[in-house]
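Close look at the chain arrangement
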Amino acid sequence: MTRMHNPAHPGAVLREYLGDISVTEAAKALGVTRAALSRILNGSTGISADMALRLEAALGTSAEMWTSMQSQYEIWIASQNSRPAIKPLLEHA
């Protein structure tokens, strides 16, 4: 599987979906606080499964799209950090 190179935080994508809708208006429609939505849009918080379902209902997108973007972003960030040598647990035939 090929990883996306430096994928965007899903909050940046959400910002594009919202267009000219204010953070306050979008937060109200989603049933979350303005601060919670702002953290997502600014990339300091990820999109949870609950938020993905809210976005699905509000935007007509799929929850899986949002969780997949979040997962790709997190894997990319984690892959940029060094880690200790990992030994295989299973032998390949």
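Residues numbered from 1 in each chain as written. Predicted model: local features only at pLDDT ≥ 70, side-chain atom pairs only at ≥ 80, totals over all residues. Heavy atoms only, no water.

An unreviewed UniProt entry annotates the protein as HigA family addiction module antidote protein of Acerihabitans arboris.

**As for helix α5 (residues 63–79)**
Our working rule: Elements are defined by DSSP. Helices are runs of H or I of four residues or more, strands are runs of E of two residues or more, and each kind is numbered from the N terminus. For a helix, the expected span equals 1.5 Å multiplied by the residue count minus one. Think of it in three bands: residues with accessible area under 20% of the maximum for their type are buried, residues over 50% are exposed, and the middle band is partly exposed, with areas taken using a 1.4 Å probe on protein chains only. Contacts are assigned to residue pairs that have any heavy atoms within 4.5 Å of one another.
Its 17 residues give α5 an end-to-end C-alpha distance of 24 Å, which sits within 8% of 24 Å, the value for a rise of 1.5 Å per residue. Among the residues of α5, Ala63, Trp66, Met69, Gln70 and Trp76 are the ones counted as buried. Those residues of α5 that are buried are in contact with α1 (10–18) and α4 (49–59).

**Structural notes on the UniProt feature "domain: HTH cro/C1-type" (unreviewed entry) in the protein**
Cut-off, in case you're wondering: UniProt positions are given in the numbering used here, feature names are shortened, and annotations may be inferred rather than shown by experiment.
Here, UniProt's "domain: HTH cro/C1-type" (unreviewed entry) annotation points to residues 21–66. With 67% helix and 0% strand, the stretch residues 21–66 has end C-alpha atoms that lie 19 Å from each other.

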